[in-house]
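Structure at a glance
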Amino acid sequence: MDVIQQKAILPPGPKPLPVLGNNYSFVKDPLEFLETLHKTYGPLATMYMSDTPSVVLFEPKHIHYVLTENPRNFTSAEFARGLQEFTGHGLFNLDGDTHRQQRRLVQPAFHKKRVESYADTMSQYTLEMLDSWETGKEIALDQELQQLTMRVVAKCLFNIDLGLRNSKLGQAFTDILENQPKLLETLLRLKIDLPFTDYGKRQRGKRVIDKVINHLIAQRRLEGNDEGDFLSMLLAATEDDVALTDTQIRDHIMTFVAAGHETSSNTLVWAFYLLAQNMNEYEKLYLELQSQLQGQPPTLANLPMMPYTDWVISETLRLYPPAYLIGRRAREAFTLDEYTLPAKTFVLISKWILHRRPDLWEAADTFQPERWQPENAKNIVPWSYIPFGAGPRMCIGMPFAQLEMRLLLATILQRFKFRIVPGFTMQTDPLITLRPKNGLRVIIEPA
Ligand code: HEM
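Residues numbered from 1 in each chain as written. Predicted model: local features only at pLDDT ≥ 70, side-chain atom pairs only at ≥ 80, totals over all residues. Heavy atoms only, no water.

1. Focus on the coordination of the iron atom of the ligand
Put simply, the rule is: Donor atoms (N, O, S) are those found within 2.8 Å of the metal centre, with the cutoff raised to 3.2 Å for Na, K and Ca; water is not part of the atom list, so apparent gaps in a site can occur. The helix count covers DSSP runs of H or I at least four residues long, the strand count covers runs of E at least two residues long, and both are numbered beginning at the N terminus.
Donor atoms from the protein around the iron atom of the ligand number only one, Cys395 (SG), found at 2.3 Å. One can find Cys395 in the loop between helix H18 (374-377) and helix H19 (398-415).

2. Looking at the nonpolar core
Rules: Here the nonpolar core consists of buried residues drawn from Ala, Val, Leu, Ile, Met, Phe, Trp, Tyr and Cys, with membership extended through side-chain atoms lying within 4.5 Å. Residue exposure (1.4 Å probe, protein chains only): buried if accessible area is under 20% of the type maximum, exposed if over 50%, otherwise partly exposed. For the purposes of this description, domain bounds are those given by an automatic or database domain assignment.
Ranked by internal contacts, the top residues of the largest apolar core, which has 128 residues, are Trp133, Phe158, Phe272, Leu409 and Leu440. Two domains each donate at least three residues to this core, and these are domain 1 (1-81 + 324-354) and domain 2 (88-323 + 355-446).

3. A closer look at empty space enclosed by the protein
The test is simple: Every definition here rests on a 1 Å grid over the protein atoms only: cavities are sets of points where a 1.4 Å probe fits but cannot get out, pockets are open sets enclosed by protein on both sides within 12 Å along at least five of seven lines, and lining residues have some atom within 4 Å of a point. Grid points are joined across faces, edges and corners, and a volume is the space filled by probe spheres set on the points.
As enumerated under the stated definition, the model contains 2 cavities of 30 Å³ or more in all. The computed volume of the second largest cavity comes to approximately 30 Å³. The dominant element in the lining of the second largest cavity, judged by the number of residues it contributes, is helix H11 (residues 198-223), at 3 residues.

4. Brief notes about the layout of surface pockets
Inclusion rule: Residue type decides the class: Asp, Glu, Lys and Arg count as charged, Ala, Val, Leu, Ile, Met, Phe, Trp, Tyr, Cys and Pro as nonpolar, and the leftover types, Gly among them, as polar.
By volume, the second largest pocket is sized at about 590 Å³. Those elements that place two or more of their residues in the lining of the second largest pocket are helix H8 (141-158), helix H9 (168-177), helix H14 (262-277) and strand S13 (434-436). Sort the elements by how many residues they give to the lining of the second largest pocket and H8 lands first, with 6 residues. When grouped by side-chain class, the residues that make up the lining of the second largest pocket number 6 nonpolar, 13 polar and 8 charged.

5. Some words on the site of the ligand
Basically, it comes down to this: Proximity is defined per residue: any heavy atom of the residue falling within 4 Å of a molecule or strand makes that residue near it. Any pair of nitrogen or oxygen atoms within 3.5 Å is treated as a polar contact; in protein, a donor-acceptor pairing is required on top of that, and neighbouring residues in sequence qualify only through side-chain atoms on both sides.
Residues in contact with the ligand amount to 26 residues; listed here are only the nearest, His99, Arg103, Arg328, Lys351 and Cys395. At a separation of 2.7 Å, an oxygen atom of the ligand approaches a polar side-chain atom of His99. Those elements giving two or more residues to the shell around the ligand turn out to be helix H5 (96-106), helix H13 (246-260), H14, strand S7 (325-330) and H19. The element best represented in the shell around the ligand is H13, accounting for 4 residues. Two domains each donate at least three residues to the shell around the ligand, and these are domain 1 (1-81 + 324-354) and domain 2 (88-323 + 355-446).

6. Remarks on the domain arrangement of the protein
Convention followed: Contact definition: two residues touch when any of their heavy atoms are within 4.5 Å. By buried area we mean the combined loss of accessible area, with a 1.4 Å probe, across both parts when two parts are placed together. Take a side-chain nitrogen of Lys or Arg and a carboxyl oxygen of Asp or Glu: if they are within 4 Å of each other, that pair is a salt bridge.
Taken domain by domain, the protein consists of domain 1 (1-81 + 324-354) and domain 2 (88-323 + 355-446). Each partner contributes residues to the interface: domain 1 has 27 residues there, and domain 2 has 34 residues. With both sides pooled, the region where domain 1 packs onto domain 2 buries about 2400 Å², and carbon together with sulfur makes up 61% of that total. For Glu59, the salt bridge goes to Arg357, with nearest N and O atoms at 2.9 Å. Our count for the domain 1 to domain 2 interface comes out at 18 residue pairs in polar contact (both at pLDDT 80 or more).

7. Some thoughts on helix H16 (residues 307-319)
Spelled out, the test is: Multiplying 1.5 Å by the residue count of a helix minus one yields the expected span of that helix.
With 13 residues, H16 should cover 18 Å at 1.5 Å per step; its first-to-last C-alpha distance of 19 Å lies within 8% of that length. Across the 13 residues of H16, 11 count as buried, placing the element largely inside the fold. Here H16 has its buried residues at Tyr308, Thr309, Trp311, Val312, Ile313, Ser314, Glu315, Thr316, Leu317, Arg318 and Leu319. Contact partners of the buried residues in H16: H14, helix H15 (279-293), helix H17 (351-354), H18 and H19.

8. Comments concerning the sheet that holds strand S2 (residues 52-57)
Stated formally: A pair of strands counts as paired when DSSP detects no fewer than two bridges linking them. Here an axis means a line fitted to C-alpha atoms, over the contact stretch when the element is a helix, while the angle between two N-to-C directions is reported on a 0 to 180 degree scale.
Ordered in space as S1-S2-S10-S7-S3, the 5 strands form an open sheet in which the pairing is mixed. Taken across any chain shown, the strands that pair with only one partner, and hence form the sheet edges, are strand S1 (44-49) and strand S3 (74-75). One ladder, built from 2 bridges, connects S3 with S7; its direction is antiparallel. What sits directly across from Thr75, in S7, is Arg329. Strand contacts of helix H3 (residues 60-69): S1, S2, S3, S7 and strand S10 (346-350), with the helix running at about 125° to S10, the strand carrying the most contacts.

Given below as structure tokens:
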């Protein structure tokens, strides 16, 4: 029988409240909610987002089916609506043929050689940040790394140097990032553009950034130079003689800003946290840095000889995947095992659970970079690890992020190590990405 004509048979799940569904329990503590769902209902469960059934997937083969085997049956843009005021019609906010066409157009900006050309900027900016640090001082490591990755991204995207701190453009990005909509604004869809509202502060930041980017696009179109940045690549992109419009370029740039700095900086924060808790692993990493770099800052050429650095990052992304939840909506009905899910069902893919399932990972909650050593990694269950997603919407920025995280981690640890401020506790804050709730306060020590 055609799946469309079959009656819906949904996986089990918690009882929904009228109107609200399971929204409240989910929003209150998403990670705990997901853990309870998995423990209670097994490989897949149904929760209700208001009155829409949402199937939550924890099983590698189901995740594979949605992301890679049958991706055309699932849309994604709806889940990025919150970002749209900033990212317009960038990749997050597109589906179907338009998404595929725009992705093809921006893909060259992420080619290996182009991305590798940013390595020197990444190392140089990191060294400048380190020069401003003093041993014995207490710092908010999360803020330092956020400023650094923002500076790197701005330089690589549109060849502007935000400087170490306090630039007007940097402040505009901060205005947007630090004033994300709270629950009330989201629920009531409030858009009050006043200097003291979150929305107003975001709009203020957006106006400054739009002005700069629009000016840059106009100037570059006139001059026609390749400045070696993403913007030049986007200006040159064509398919069947059709080029990107100014608005499309702006939206792609904003999408890369939104996607491309907090994810990397938060991963690094978690990596430093994990290393501070696991001295054996820290020592192994430091030994690798000493033997491979002999006191010099790392370059592109050093990276292939630094596997442990890579494993530390892979293991951090397993335990703390920044994009901890992937959302889709089914265009048409589909089946998973004995269940029949109707058209319009939401699908939520939980990496937080997948990456820590004790039946898939040995010592699942333990930080063990060695599990990525090739002879161990070959035992990893396919589809149990997807920090960058998979299929046609897989993270386009992955090569950039991997290069940046390796270079920054190695450059920083070669000079300094960190002691977590006594009494400070690290907590997860699962907003759009998995942030460290109170940041990470550390005392700087010589390596
Ligand atoms: C640790 C760093 C990063 C992680 C873990 C990460 C993770 C992800 C994931 C899981 C997705 C797929 C979402 C989905 O399937 O719905 C994604 C998409 C995306 N990422 Fe990343 N990302 C990272 C860094 C970056 C960087 C540095 C950039 C750009 C410079 C970037 C740009 C994007 C874009 C544009 C998309 C949308 C792709 C599409 O829809 O076709 N990301 N990222």
